[in-house]
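Descriptive structure summary
One-letter residues, chain by chain:
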Amino acid sequence: MHRINAVFQDYAWGSRSFIQNFLKLPQEGPIAEAWYSAHPKAPSLVNGFPFTELITADPVYWLGSPQGDFPFLLKILAADEALSIQVHPSKQQAEEGFRAENLKGVPQNSPIRNYKDSNHKPEMMLALTDFSALCGIRRFPDIVAAFQDLGLSRFFRSFTEFQHKQDSASFCTLYQEVLHKEKLPGLHEHLHTLPESEPWKDEIQWIKKLIEQYPEDRSVVSPLLLNLIHLKPMEALFLDAGIVHAYLHGAGIEIMAQSDNVLRAGLSPKHIDVPELLKIMQKQPYSPLLYPAAPGINMWHYYPVPVPDFLLSRIQLDGNTTLPQIPGPKILMCIEGSVFAQGTTGEMHLHQADSAIIPAAEPNAILSGKGHIVLASCGNLPS
Ligand SMILES: [Zn+2]
């Protein structure tokens, strides 16, 4: 096993304190993400070398296979402000979209490019703090009730049709109107006057926060169209292909397939392609896939997802344990306390925020000590 050091992304929405405190970094500005991966854009350092170079030199040792990419991207993410509303394509949609943009000659680094690669990008967020997000379309009757209760029906012309039909097609027409770039006269002024009272108190509070960030953007009403989710620490949320979502606030450990494919739907200064977005988006109401924190000392707790790309596991250790038997490379992160890890060829102390990469060729390790550990691996549950 080897120590792996993160590389950082300082996006403006990042927290000014969480990752800095967690990893004991001196930086004053925002840090949005710490990446642990072999992503070509920002590979982590392993033994002082870019991880991508080590894998190219000996793929069998690291990946367990003579070819292929490191399967997942692990991040610590800390958001003080909301991230864009977005959707990720399925594998098939990504392959088709990537091919189509290549044929059209859209340059790889063009800001209007939708598909940066041909892979899907399912994601899971494991909360480290209280964490708020928007995820999936609400039940249609709830959207109708919210728009009526809060006097929004008069601002959106397509609302009447949606109110009558309450189907996916009329939702898409309404959503298109919500995502339109042009400012709606009087909308933000009206939203400002809404009382923060039940049953829409939480949603209105979020709308008012979003207005501060995006004073011109109609899609600040999204908390009324999408499910508003609150995670407690160690609860998790899975985001599959086609599910419209946005992280609003909080810090957590995020794991995803190795891909950059993001179609944005709003709350973003970046490129938004509404027709392409509506093409790949799931247009039915959706119940988010949530995972409980499940306490339990000295027991591995799994967060199984319906994709093969990754699996998060967690243990609160007081004593010793062996690593779950999961093939492929793994990343071990100590999120609290201190643990001694003994692998076949190496050993190390992991204190809070230390991480180790366990190569596919050295799958066995014994952990001992008192600490809280998260394990990232490929998607197979241990046999
Ligand atoms: Zn996403």
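About the cut-offs
Residues numbered from 1 in each chain as written. Predicted model: local features only at pLDDT ≥ 70, side-chain atom pairs only at ≥ 80, totals over all residues. Helix = DSSP H or I, 4+ residues; strand = E, 2+ residues; numbered from the N terminus. Expected span 1.5 Å × (residues − 1). Buried ≥ 20, exposed ≤ 12 C-beta atoms within 10 Å, placed from the backbone. Arc of directions from axis to C-beta. Contact = placed C-beta atoms within 7 Å. Domains from an automatic or database assignment. Nonpolar A, V, L, I, M, F, W, Y, C, P; charged D, E, K, R; others polar.

One full turn of an α-helix is made of 3.6 residues, so residues set three or four places apart face in the same direction. Across its 12 residues, helix 7 (residues 168-179) extends 16 Å between first and last C-alpha, which sits within 8% of the 16 Å expected from 1.5 Å per residue. Among the residues of helix 7, Phe 171, Leu 174, Tyr 175, Val 178 and Leu 179 are the ones counted as buried. The buried side chains of helix 7 occupy one side of the element, clustering within an arc of 135 degrees when seen end-on.

Let us look at helix 5 (residues 140-149). Inspection of helix 5 places Phe 140, Ile 143 and Phe 147 among the buried residues, and these make up the whole buried set. With its buried residues spanning 60 degrees around the axis, helix 5 presents them on a single face. Turned more than 90 degrees away from the buried face of helix 5, the exposed residues are Pro 141 and Gln 148. Where helix 5 is buried, its residues touch helix 6 (159-165) and helix 7. Immediately beyond the C-terminal end of helix 5, within one or two residues, lies Gly 151, with a positive phi of roughly 65 degrees.

Structurally, the chain comprises domain 1 (82-293) and domain 2 (301-377). Spacing between the C-alpha centres of domain 1 and domain 2 amounts to 34 Å. Taken together, the contact pairs 12 residues of domain 1 with 11 residues of domain 2. It is strand 12 (residues 245-257) that provides the largest number of residues to the side of domain 1 that touches domain 2, a total of three residues. Residues of the side of domain 1 that touches domain 2, tallied by class, amount to 11 nonpolar, no polar and one charged.

Following Glu 198, the chain continues to Pro 199 via a peptide bond in cis, the omega torsion being 5 degrees. With respect to the element layout, Pro 199 can be found in the loop between helix 8 (187-193) and helix 9 (201-213). Phi at Asn 298 is positive, roughly 60 degrees, even though this residue is not glycine. With respect to the helices, strands and loops of the structure, Asn 298 is situated in the loop between strand 14 (289-291) and strand 15 (301-303).

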